[in-house]
Amino acid sequence: MKRLMTIQDISCIGKCSLTVALPIISATGVECAIVPTAVLSTHTQFSNFTFRDLTDDMEPIKKHWKDEEFKFDAIYTGYLGSERQIQIVADYFDTFASADTFKIVDPAMADNGQLYAGFAEDFPQKMATLCEKADIILPNISEASLMLGVPYPGEDASIDEVKDLLLKLAEFGSKTVVITGVELPDGKFGFMGYDTETKEFFSYGTEKVECKSHGTGDVFASAFAGALMNDKSIEDALKVAADYTCACIKDTFEDPDGVDYGVNYEYQIPYLIDRIKNA
């Protein structure tokens, strides 16, 4: 069984971060080792949530794992709450990533052209330094623009604008750069990527469901990581993740009991497993 490490926060209620990463990745038949960066009573869509910073626990975990000589097939990072956490995660990469370890960074920090609350203006530049160590990066349009320090083109950015962002992101050094949440010409909604080795762009979209929900990026990244660990190519794993995320959004939108703080990723796990086995 392959082993993946994921480093991000955990919300006790609210479908995002480790709350979705652990069950989704485990369901794909991959051992999911977690490094929680913080514990929140709920995710940040709710008011008055509690927050406990676990930054001081990250170094002792790393030391223990290093002493035990644990090996990992992939390291996947999500929401990181501070510059110090970024620096520690960079050291996790240096400590545990071999030549065969996939390093995946989802720079979860912004939407609609705005940083999440609590981040300083220079945080995107710090996140960019972590992306420089990654094999695969998965920003949305907002995160890409902020890391590059270029004007935000809007969620309906043109394909040419997205390609320009991808080429600039490629200068970070990652093998594969992907921008999520892209409006495609045929009315589909999905992602566009760039392979820095082949110098080729690629894209894929699903039907667009007019429903916004917290945590869909985490669902996408987690499904992608699980599919990749099942020996799918990067592009095929991205397609599996896009189809699964769309199915989760549709299920939630059509469910009269669907909650408004996350998508029904649970109901669609059998679909994800089927897609991985039969894609």
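Treat the numbers as computed from the prediction; the structure is a model and nothing was measured.

What counts and what doesn't
Residues numbered from 1 in each chain as written. Predicted model: local features only at pLDDT ≥ 70, side-chain atom pairs only at ≥ 80, totals over all residues. Heavy atoms only, no water. Pairing = 2+ DSSP bridges. Helix = DSSP H or I, 4+ residues; strand = E, 2+ residues; numbered from the N terminus. Contact = heavy atoms within 4.5 Å. Axes fitted to C-alpha atoms, helices over the stretch in contact; angles between N-to-C directions. 1 Å grid on protein atoms, 1.4 Å probe; cavity = no way out; pocket = protein on both sides within 12 Å on 5 of 7 lines; lining within 4 Å. Points joined across faces, edges and corners; volume = space filled by probe spheres on them. Nonpolar A, V, L, I, M, F, W, Y, C, P; charged D, E, K, R; others polar. Parallel < 35°, antiparallel > 145°, perpendicular 65-115°, else oblique. Core = buried A, V, L, I, M, F, W, Y, C linked by side-chain atoms within 4.5 Å. Buried < 20%, exposed > 50% of the residue type's maximum accessible area, 1.4 Å probe, protein only. Right-handed = clockwise from strand over helix to strand, strands pointing away. Left-handed = near helix turned anticlockwise from the far one by under 90°. Polar contact = N/O pair within 3.5 Å; in protein donor to acceptor, adjacent residues only side chain to side chain.

> Can you explain the sheet that holds strand β11 (residues 200-206)? Please cite residues and give values.
Strand order in this open sheet of nine strands is β3-β2-β1-β4-β5-β8-β9-β10-β11, and the pairing throughout is mixed. With one partner strand each, in any of the chains shown, β3 (51-53) and β11 form the two edges of the open sheet. Bridge count for strand β1 (residues 3-13) against strand β4 (residues 74-77) is four bridges, and the pairing is parallel. Within β4, the position partnered with M5 by the bridge is I75. Sitting on the sheet, helix α2 (residues 55-68) is in contact with β1, β2 (31-42) and β3, with an inclination near 165 degrees to β2.

> Can you tell me about the layout of surface pockets, naming the residues and giving the values?
Looking at the largest pocket, its volume works out to about 1500 Å³. Around the largest pocket, the lining comprises 50 residues; the ones closest to its centre are D111, S213, G215, T216 and G217. When contributions to the lining of the largest pocket are tallied by element, the ones reaching two or more residues are β1, β6 (110-111), β9 (176-183), β10 (189-195), α7 (216-229) and α8 (234-254). At five residues, α7 tops the list of elements feeding residues into the lining of the largest pocket. Per-class residue counts for the lining of the largest pocket are 20 nonpolar, 19 polar and eleven charged.

> Could you give an account of the packing of helix α3 (residues 83-96) against helix α4 (residues 123-131), naming the residues involved and the relevant values?
It is the contact of α3 with α4, at a shortest axis distance of 10 Å, that shows an interaxial angle of 5 degrees. Judged by the inter-axis angle, α3 sits roughly parallel to α4. Along the contact surface, α3 presents E83, I86, V89, A90 and F93, while α4 presents F123, K126, M127, T129 and L130.

> Outline the nonpolar core, listing residues and values.
The biggest cluster of nonpolar side chains holds 44 residues, and the ones touching the most others in it are M5, I7, Y92, M127, L130 and I179. Among the elements that take part in this core, α3 stands out by supplying seven residues, more than any other. Ignoring sequence-local partners within four residues, the contact set of M5 consists of A33, V35, W65, F72, A74, I75, Y76, Y92 and F96. By size, the runner-up hydrophobic cluster in this structure holds 41 residues, among which are F202, A225, A241 and Y244.

> Give a description of the pairing of β2 that names residues and reports values.
Bridging between β1 and β2 involves nine bridges; their strand directions are parallel. Residue pairing in the sheet places L4 in a bridge with C32 of β2. Between β1 and its parallel partner β2, the chain crosses via helix α1 (residues 17-27), and the hand of that crossover is right-handed. Bridge count between β2 and β3: three bridges; the pairing is antiparallel. By the bridge assignment, L40 is partnered in β3 with F51.

> Can you tell me about the packing of α8 against helix α9 (residues 269-278), naming the residues and giving the values?
One can describe the packing of α8 onto α9 by two numbers: an axis separation of 10 Å at closest approach and a directional angle of 160 degrees. One way to sum up the angle between α8 and α9 is to call them roughly antiparallel. α8 and α9 meet at a crossing whose hand is right-handed. Contact residues: α8 offers K239, V240, D243, Y244 and A247, while α9 offers I269, Y271, L272, R275 and I276.

> Can you lay out the environment of E31 for me, pointing to particular residues and giving the numbers?
Mapped onto the secondary structure, E31 falls in strand β2. Exposure remark for E31: the relative accessible area of 34% places this residue in the partly exposed category. Considering only alpha carbons, one finds E31 and E121, 90 residues apart in sequence, at a separation of 36 Å. Once residues within four sequence positions are removed from consideration, E31 is found in contact with M1, K2, R3 and L4. A distance of 3.3 Å separates a polar atom in the side chain of E31 from a polar atom in the side chain of R3.

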